[in-house]
Amino acid sequence: MNCTSYVFASIRGVYSQYPNDYTKPLFHKFLELSSANSQIIMHRNEGLVYHGYVRKLEGGLSYIGFCVVLNGAMFARTKQMFPVFEKVLTSMAETYGLLALNDKGDVIPSFSEFTEHQKKVENIIVDINKNIEASVTDRDLKAILRETYTNTSVEYKIFPAEEKAEDIFEAVKLYGYVCVTNDKHYVSTFLANYQKEIETYVAKVKEIEKEYSELKEKYDKQDAQNKVSAIIKGLSKIVITAGICLCAVLLFIRLEDKITLEKTKTELNDAQSSIESQNETIAGLRDKVTNLQEDVNNLQEDVKSEQKRTTEAESEYADFKRYVGRYMPVVITDVKIGNVYKDGDIETDYGNHIKSNSTMFLQPQITYTGIITDVSITVYIRLYTPSGKMSKVDSQRDYSTSDSFYVNSGDSNTITLVGLRNASQGYWSKGDYRYEIWYGKVCLYAKTFTIY
């Protein structure tokens, strides 16, 4: 199967990926759309389909992600891909040591950037491709017709992992991004083994403590029997004749009891040593959990400091934006001129060559980014003819015409402004013209164009 794979991560706000190429803005978008514990996010661009897997770590402080790019096809059953990527996640911990556990048993990163572990990351890319080759066949793929345009839509659709595969496939063709979420907590192999090891230690300690109690009870009982034997021995001195026989019996009993007692003491000592050894192991594990908790606390303090700096920066930016907006509420990035009829129908589309013998209404179309949004502004338009004179509708004004519009937020907003008009074709002569768009005393944009 011909595919390209990537690994990317955001570790406590520090982003890195491998290989590092043009896909970085796309993977940033995948991280932005991630809301569940784990999800697969798909994006189509012409004939390429990007399948990104994103896993939330440390309660959302960090993320780890993989991406597989297919040309002309997509995985038909998205739910089937979760265990493929989760197997790679497990190998990152067990084989490469790039993931570890905190005191709560959650997965945390043990690195900050991929540049420090390039060889390991290259091997992880190989593992991704091998897992896909082993788990996915041609029957698990669906063809995607190659589009002739780039999909720039920012619309997205969210599905649970149990959604029908047909619905997800249709959504990939319609939306810019399709998210398939899986909120079930995934316990990887290395985490399960670690938890099992702790459970084994605890069970062993309980077993040894029980054995110790039983041996101590046996020891106390034997000690009581020995004291009774001593009393009987004292009484035997009064009965001399019977005492000889009784002493022989007691000597035999005491010898046997002594052997049993020594054996019990040895077993108790062994049990005590085993308990101490197990306690040392548990103490070591607790120390490790304590150190990990300290690391988490330090990271939380770093996050709080970073959030404070971000809030201050956002406040300063908002003040700066308001100040700039007083003089420049929009940033015009492009102006295209069209030739239209009186009723608004287009004779020459915006940006195309305009011929003199067909000129009527010269109308500017602007593309802008809103600085101060959700307000209505008035701009003043000046059109200079090839002679250098300004064309005016009213000779008393210092501008050609004006227009008002409502400022929208975001980039690449497009609006058509009123232009200088004449219903008769051929009104404007050949030559170089210049449109200027003014707001107050600031020229927002100047556009030179030619009429042929």
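That block above? That's the structure.
Note that the structure is predicted; figures quoted are calculated from it, not measured.

Draft legend 1. Up close: the sheet that holds strand S12 (residues 330-340). Across the sheet, which stays open at both edges, the four strands sit in the order S13-S12-S14-S18 with antiparallel pairing between neighbours. Of all the strands in the sheet, the pair left with one neighbour each is strand S13 (346-348) and strand S18 (413-416). Strand-to-strand twist in this sheet, taken as the mean axis angle between neighbours without regard to direction, amounts to 45°. Pairing analysis gives ten bridges linking S12 to strand S14 (residues 361-370), with the strands arranged antiparallel. From the neighbouring strand, Val340 faces S14, where its bridge partner is Phe361.

Draft legend 2. Summary view of the pairing of S12. Note that S12 and S13 share two bridges and pair antiparallel. Across the sheet, the residue bridging to Val340 is Ile346, located in S13. In textbook terms, the turn of a hairpin is the stretch between consecutive antiparallel strands, and for S12 and S13 this stretch comprises five residues, one of which, Gly344, has a positive phi near 100°.

Draft legend 3. Representation of the side chain of Thr348 within the structure. Mapped onto the elements of the fold, Thr348 is located in strand S13. Within the local environment of Thr348, its side chain forms a polar contact with the side chain of Glu347, the two groups lying 2.4 Å apart. In contact with Thr348, other than residues within four places in its own chain, are Gly338, Asn339, His353, Ile354 and Ser358.

Draft legend 4. Up close: a negative patch on the surface. On the surface, Glu207, Glu211, Glu214 and Glu217 cluster together to form a negatively charged patch. Mapped onto the secondary structure, Glu207 falls in helix H5 (residues 189-236).

Draft legend 5. Broad picture of the nonpolar core. Within the largest apolar cluster, 44 residues are counted, with the highest numbers of intra-cluster contacts made by Phe66 and Ile124. Tallying contributions element by element places helix H2 (residues 81-94) first for this core, with eight residues. In terms of nonpolar packing, the next biggest core, distinct from the first, is built from 23 residues, Leu362, Phe405, Val407 and Ile437 among them.

Draft legend 6. Here's a closer look at the pattern of salt bridges. Tallied over the entire structure, the rule returns eight salt bridges. The partner of Arg309 in a salt bridge is Glu306, with the nearest N and O atoms 2.4 Å apart. Residue Arg309 and its partner Glu306 are located together in helix H6 (residues 240-325), separated by three residues, close to a single helical turn. Judged by its relative accessible area of 46%, Arg309 falls in the partly exposed class. The salt bridge involving Asp394 is made with Arg397; its shortest N-O contact spans 3.9 Å. Residue classification places Asp394 among the partly exposed residues on the basis of a relative accessible area of 29%. Owing to a relative accessible area of 34%, Arg397 belongs among the partly exposed residues under this scheme.

Parameters at a glance
Residues numbered from 1 in each chain as written. Predicted model: local features only at pLDDT ≥ 70, side-chain atom pairs only at ≥ 80, totals over all residues. Heavy atoms only, no water. Pairing = 2+ DSSP bridges. Helix = DSSP H or I, 4+ residues; strand = E, 2+ residues; numbered from the N terminus. Axes fitted to C-alpha atoms, helices over the stretch in contact; angles between N-to-C directions. Polar contact = N/O pair within 3.5 Å; in protein donor to acceptor, adjacent residues only side chain to side chain. Contact = heavy atoms within 4.5 Å. Patch = residues over 30% accessible without salt bridge, like charges linked within 9 Å, V, L, I, M, F, W, Y side chains within 5 Å. Areas by Shrake-Rupley, 256 points an atom, 1.4 Å probe, with all protein chains shown as cover. Salt bridge = Lys/Arg side-chain N within 4 Å of Asp/Glu carboxyl O. Lys, Arg positive; Asp, Glu negative; His and termini not counted. Charge placed at Lys NZ, Arg CZ, Asp CG, Glu CD. Core = buried A, V, L, I, M, F, W, Y, C linked by side-chain atoms within 4.5 Å. Buried < 20%, exposed > 50% of the residue type's maximum accessible area, 1.4 Å probe, protein only.

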